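So you can see what is in the structure, the chains are spelled out below.
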Amino acid sequence: MKVIICDSAEAMSKTAANIFADRIRSKPNLVLGLATGSTPLGMYAELVRLHREEDLDFSKVRTFNLDEYVGLPPDHEQSYRHFMNRHLFDHLNIDPANTHVPDGLARDLDGCCAAYEAAIQAAGGIDLQVLGIGTNGHIAFNEPGSPFDSRTRVVDLTESTIQDNSRFFKRIEDVPTRALSMGIGTIMEAREIVLLATKDNKAEAIARTLEGPVTEAVPASILQRHPNVTFVLDQAAASRLKRSQ
Ligand code: GLP
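Residues numbered from 1 in each chain as written. Predicted model: local features only at pLDDT ≥ 70, side-chain atom pairs only at ≥ 80, totals over all residues. Heavy atoms only, no water.

1. Describing the overall build of the protein
The secondary structure content of the protein amounts to seven helices and 10 strands. Compactness check: the protein gives a C-alpha radius of gyration of 17 Å against a globular reference of 18 Å for 245 residues, within 12% of the reference. A principal-axis box enclosing the C-alpha atoms of the protein has dimensions of 45 × 45 × 35 Å. The buried share of the protein, taken over its 245 residues, is 54%. The long-range fraction of contacts in the protein, counting pairs at least 24 apart against all pairs at least 6 apart in sequence, stands at 79%. Computing the positive centroid from 26 side-chain charges and the negative centroid from 33, the protein places the two 3 Å apart. (Helix = DSSP H or I, 4+ residues; strand = E, 2+ residues; numbered from the N terminus. Rg over C-alpha atoms; globule rule 2.2 N^0.38 Å. Buried < 20%, exposed > 50% of the residue type's maximum accessible area, 1.4 Å probe, protein only. Contact = heavy atoms within 4.5 Å. Lys, Arg positive; Asp, Glu negative; His and termini not counted. Charge placed at Lys NZ, Arg CZ, Asp CG, Glu CD.)

Right, dumping it as structure tokens:
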């Protein structure tokens, strides 16, 4: 487990983007696991800059997103498919057919989840996965109590996550209550993981993740057992870590 504490959110974004750029240059058909949320936005902007100004090539890269809200169409402003197109895919030379986000409108949601797992396997598994973290320690939409061996499935969102994400919707009643999410078992199979966190509202979750017991009550704590994980944090997110003092 590696922990990098950066002076600012901008430095965190650049540090993380450089890890991604390095891996893409070494393996042009890299399989990326991608996340939504506000935290990776700076890293995505830096990857777009590296593509435009330094020829970082995404033509062979394949991507799988962690999750999607159930019930939101792909063109809905708050759907994760829309988020990814707007902030990343539309600005790269990536083949849209190589970008995968679970289909929140699928009639057969369970079948869609099984097909998503099969597509990840068919691509050879995820080489590099980026994660954010919820204030309750969730990763993707694996809420506290999610089994460590869980796979892509339909999940119910907790009140705290609905509350956290309501800032993106007009009214809290508009926040979907269910999502399709890669499982913790799925995420742990990624060959390399980079978890990003900024701001002091994540400090408690980061301290519990890195320095607390490995427990399903804190889903991200399982990352302590991953053989190749890097936490890239700003000072605020790292502020409750004892070992950083
Ligand atoms: C959502 C996503 C997570 C993300 C989390 C944190 O719940 N499903 O993947 O890590 O939000 O979002 P933010 O980065 O905006 O704090």
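2. Here's the deal with the site of the ligand
Contacts to the ligand come from 13 residues, most closely from Ser 38, Thr 39, Asp 67, His 138 and Lys 202. Here an oxygen atom of the ligand and a side-chain polar atom of Thr 39 are 2.5 Å apart. At 2.9 Å from an oxygen atom of the ligand is found a side-chain nitrogen or oxygen belonging to His 138. Within the complex, the protein chains bury 94% of what would otherwise be the 400 Å² of accessible surface of the ligand. Across the shell around the ligand, the residue classes tally to four nonpolar, six polar and three charged. (Near = heavy atom within 4 Å. Polar contact = N/O pair within 3.5 Å; in protein donor to acceptor, adjacent residues only side chain to side chain. Areas by Shrake-Rupley, 256 points an atom, 1.4 Å probe, with all protein chains shown as cover. Nonpolar A, V, L, I, M, F, W, Y, C, P; charged D, E, K, R; others polar.)

3. Considering unusual backbone geometry
With the exception of glycine, the majority of residues adopt a negative phi angle, and the majority of peptide bonds are in the trans configuration. Its identity is not glycine, yet Asp 55 carries a phi of approximately 60°, on the positive side. Position of Asp 55 relative to the elements: it lies in the loop between α2 (41-54) and β3 (62-65). Residue classification places Asp 55 among the exposed positions, given a relative accessible area of 67%. Despite not being glycine, Lys 199 shows a phi value in the positive range, around 80°. When you line up the elements, Lys 199 lands in the loop between β9 (192-197) and α7 (203-211). Judged by its relative accessible area of 52%, Lys 199 falls in the exposed class.

4. Describing the nonpolar core
With 60 residues, the main nonpolar core has Met 43, Tyr 44, Leu 47, Leu 88 and Leu 195 as its most contacted residues. Tallying contributions element by element places helix α1 (residues 9-26) first for this core, with seven residues. In contact with Leu 195, not counting residues within four places along its chain, are Leu 131, Gly 132, Ile 133, Ile 139, Ile 206, Leu 223, Thr 230, Phe 231 and Val 232. In this structure, Tyr 69, Leu 72, Val 155 and Phe 169 belong to the second largest nonpolar core, which totals 10 residues. (Core = buried A, V, L, I, M, F, W, Y, C linked by side-chain atoms within 4.5 Å.)

5. Some thoughts on the environment of Ile 187
Structurally, Ile 187 is set in helix α6 (residues 184-188). Counting along the chain gives 56 residues from Ile 187 to Leu 131, while the straight-line C-alpha distance between them is 9.2 Å. Those residues within four positions of Ile 187 in sequence are excluded, and the remaining contacts are Leu 66, Gln 129, Leu 131, Ile 139, Ala 140, Asn 142, Met 182 and Ile 193.

6. Here's the deal with the side chain of Asn 142
Mapped onto the fold, Asn 142 is located in the loop between β6 (128-131) and β7 (153-156). Classification of Asn 142 by relative accessible area gives buried; the value is 0%. When residues no more than four places from it in sequence are discounted, the contact partners of Asn 142 are Ser 150, Arg 153, Ser 181, Met 182, Gly 183, Ile 184, Ile 187 and Pro 219.

7. Structural notes on the packing of aromatic side chains
Aromatic ring pairs are defined here through the distance separating the ring centres and the angle between the ring planes. Taken as a whole and judged by the stated rule, the model has five aromatic pairs. Between the aromatic rings of Tyr 69 and Tyr 80, the centroid separation amounts to 4.8 Å while the plane-to-plane angle is 45°, which identifies the pairing as tilted. Separated by 11 residues along the polypeptide, Tyr 69 in strand β4 (residues 67-69) and Tyr 80 in helix α3 (residues 80-87) bring together distant segments of the chain. This pair shows no difference in class: Tyr 69 is buried, exactly as Tyr 80 is. (Phe/Tyr/Trp six-rings, centres within 6.5 Å; stacked < 30°, edge-to-face > 60°.)

8. Notes on the sheet that holds strand β1 (residues 2-6)
Either a parallel or an antiparallel arrangement is found when strands of a sheet pair, and the pairing is made through backbone hydrogen bonds. As summarised here, the arrangement of the seven strands in space is β1-β10-β9-β6-β2-β3-β5, forming an open sheet in which the pairing is parallel. The sheet is open, and its two edges are formed by β1 and β5 (99-100), each paired on a single side. Two strands pair when backbone bridges link them, and β9 and strand β10 (residues 229-234) are joined in this way by five bridges, in the parallel orientation. The residue of β10 that forms the bridge with Leu 196 is Val 232. Packed onto the sheet, α7 meets β1, β9 and β10 and runs at close to 155° relative to β10. (Pairing = 2+ DSSP bridges. Axes fitted to C-alpha atoms, helices over the stretch in contact; angles between N-to-C directions.)

9. Overview of the state of the cysteines
On inspection of all chains with the given rule, the structure shows zero disulfides. Residue Cys 113 stays outside any disulfide, its sulfur separated by 5.4 Å from that of Cys 112, the closest cysteine. Since its relative accessible area comes to 4%, Cys 113 is described here as buried. (Disulfide = S-S within 2.5 Å.)

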